[in-house]
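Given next are the chains, with one letter for each unit.
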Amino acid sequence: MKTFTSVKQLGDLGEALTQAAAVKADPFADQAPGRNKTLLLVFFNNSLRTRLSTQKAALNLGMDVIVLDVNQGAWRLETGRGVVMDGDKSEHLLEAIPVMGSYCDLIGVRSFARFESREDDYNEVILNQFIQYSGRPVFSMEAATRHPLQTFADLITIEEHKTKARPKVVMTWAPHPKALPQAVPNSFVEGMAMGDYDFVIANPEGYDLAPEFVGNARVTHDQDEALRGADFVYAKNWASYTDYGKVLSKDLGWTVTKEKMALTDNAFFMHCLPVRRNMIVTDEVIEGPRSLVIPEAANRVVSAQTVLKRMLESL
Ligand code: AN0
Ligand code: CP
């Protein structure tokens, strides 16, 4: 695998899940391909899980890892071409990227939607520059429109816990004080199309995701109707796509509560984390016996290791 920017690049889901299960059962089985290989992780945004799980995955594979937090200690980077650089930015991304590439064998990039321009975000301008100019295989650690390592971990977690051949999975919008990207929900929709799921998206009006991601997925603006009979509730906030980057609602009527979970078929609760308690989900639901948030986060190592292994094989 030369790049990994969408969960769809895993190809056959059954095969990817089998590989993930093998990685999970014996994480240190395969260290030869990583020997003397350096992974560079570049963060334009904060991270706890992605940062730690991707490092752990690389260490399990025998790789060396270096991490750059672009906003802490590096030169401030200009990203626009043609800009007269007479301001506070000392270096251009177009030099920085090939330099970074010269120090490593593989690059992971985290670069959220900036909400300045929907076109730039949906064209993945930053991630694509890394792909084009680094000279190295690049994988996404959440870019503007997708978070494929998260989605793969979500799929692993659902497959581990499902008790029906075709479980009902509800992805529901929930309130949050700040504008958050659509990357996690877009990617989750892509992942749902890779397997056999009765999938429903519930969100308030004004929050429909980009049509190219929604595709044929079922969308409702009635959260209660969606939750009835659910086996998995996947909560997430995102800012509006149509009124791009705007917070149109903070309606706590969409918070996932015990009462909302009572509408389901004893569903599991999932969230990618970090989560705002009592905005997205109440304390009792996230702490309850059906909450999968911790095993879901733990599966981020399995997801990253499976992907890194495939990328190492193609070096
Ligand atoms: C990010 C988001 O919603 O995309 C990262 C989630 C993995 N969340 C926040 O910035 C709080
Ligand atoms: N879920 C996730 O990607 O978390 P971080 O933002 O902490 O990496």
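None of these values were measured; they are calculated from a predicted model.

(A) Representation of the sheet that holds strand β12 (residues 268-270) within the structure. Read from one edge of the open sheet, five strands run β10-β9-β8-β11-β12, paired in parallel fashion. Edge positions in the open sheet fall to β10 (218-220) and β12, since each of these has one partner strand only. Here the average twist between neighbouring strands, direction ignored, is 20°. As judged from the five bridges shared by strand β8 (residues 168-173) and strand β9 (residues 198-202), these two strands associate in the parallel manner. Each bridged residue has a counterpart across the sheet, and for V169 the counterpart in β9 is F199. Across the sheet, helix α7 (residues 183-192) lies against β8, β9 and β11 (232-236), angled at about 165° from β8, the strand it touches most.

(B) Expanded view of the site of ligand 2. Within the structure, ligand 2 sits among S47, L48, R49, T50, R110, H147, Q150, C272, L273 and R300. Separating a nitrogen atom of ligand 2 from a backbone N or O atom of L273 is a distance of 2.8 Å. Between ligand 2 and the protein, one listed contact pairs an oxygen atom with a side-chain N or O atom of R300 at 3.0 Å. Here ligand 2, which alone exposes 260 Å², has 94% of that area covered by the protein. Of the residues that constitute the shell around ligand 2, the class distribution is three nonpolar, four polar and three charged. Composition of the shell around ligand 2 by domain shows at least three residues from each of domain 1 (3-146 + 300-313) and domain 2 (148-296).

(C) Just the packing of helix α3 (residues 93-101) against helix α5 (residues 125-133), in detail. With their axes 9 Å apart at the nearest point, α3 and α5 run at an angle of 55° to one another. For the element pair α3 / α5, the angle class is oblique. The hand of the α3/α5 crossing is right-handed. Residues L93, L94, I97, P98 and M100 of α3 lie in contact with α5, whose contacting residues are I126, Q129, F130 and Y133. Looking at side-chain class alone, the contact of α3 with α5 contains eight nonpolar, one polar and no charged residues.

(D) Local environment of helix α2 (residues 49-60). Look at α2: 16 Å from first C-alpha to last across twelve residues, which is about the 16 Å you get at 1.5 Å a residue. Among all positions of α2, only R49, T50, R51, S53, T54, A57, A58 and N60 are buried. G62, located one to two residues past α2, shows a positive phi value of around 80°.

(E) Highlighting the environment of Q305. Within the secondary structure layout, Q305 lies in helix α12 (residues 293-313). Accessibility expressed as a relative area gives 2% for Q305, which makes it buried. Leaving out residues up to four positions away in the same chain, Q305 has contacts with V23, P27, A57, N60 and L61. Within the structure, Q305 has its side chain in polar contact with the backbone oxygen of P27 (distance 2.8 Å).

(F) The arrangement of the domain arrangement of the chain in detail. Entries for the chain in the domain assignment read domain 1 (3-146 + 300-313) and domain 2 (148-296). Of note, the centres of domain 1 and domain 2, computed from C-alpha atoms alone, are 25 Å apart. If you look at the interface, domain 1 gives 34 residues, while domain 2 gives 35 residues. Summed over both sides, the interface between domain 1 and domain 2 buries roughly 2,800 Å², with carbon and sulfur atoms accounting for 69% of that surface. Taken together, the links from domain 1 to domain 2 amount to three salt bridges.

(G) Spatial organisation of the site of ligand 1. Taken together, the neighbourhood of ligand 1 is formed by F112, E142, H147, L180, P181, K236, C272, L273 and P274. For ligand 1, an oxygen atom lies 2.6 Å from a polar atom in the side chain of E142. Measuring from an oxygen atom of ligand 1, one finds a side-chain N or O atom of K236 at 2.7 Å. Burial of ligand 1 by the surrounding chains reaches 84%, relative to a free accessible area of 330 Å². Looking at the shell around ligand 1, its residues break down into six nonpolar, one polar and two charged.

About the criteria used
- Residues numbered from 1 in each chain as written.
- Chains lettered and ligands numbered in written order.
- Predicted model: local features only at pLDDT ≥ 70, side-chain atom pairs only at ≥ 80, totals over all residues.
- Heavy atoms only, no water.
- Pairing = 2+ DSSP bridges.
- Helix = DSSP H or I, 4+ residues; strand = E, 2+ residues; numbered from the N terminus.
- Axes fitted to C-alpha atoms, helices over the stretch in contact; angles between N-to-C directions.
- Contact = heavy atoms within 4.5 Å.
- Near = heavy atom within 4 Å.
- Polar contact = N/O pair within 3.5 Å; in protein donor to acceptor, adjacent residues only side chain to side chain.
- Areas by Shrake-Rupley, 256 points an atom, 1.4 Å probe, with all protein chains shown as cover.
- Nonpolar A, V, L, I, M, F, W, Y, C, P; charged D, E, K, R; others polar.
- Domains from an automatic or database assignment.
- Parallel < 35°, antiparallel > 145°, perpendicular 65-115°, else oblique.
- Left-handed = near helix turned anticlockwise from the far one by under 90°.
- Expected span 1.5 Å × (residues − 1).
- Buried < 20%, exposed > 50% of the residue type's maximum accessible area, 1.4 Å probe, protein only.
- Buried area = accessible area lost by both parts, 1.4 Å probe.
- Salt bridge = Lys/Arg side-chain N within 4 Å of Asp/Glu carboxyl O.

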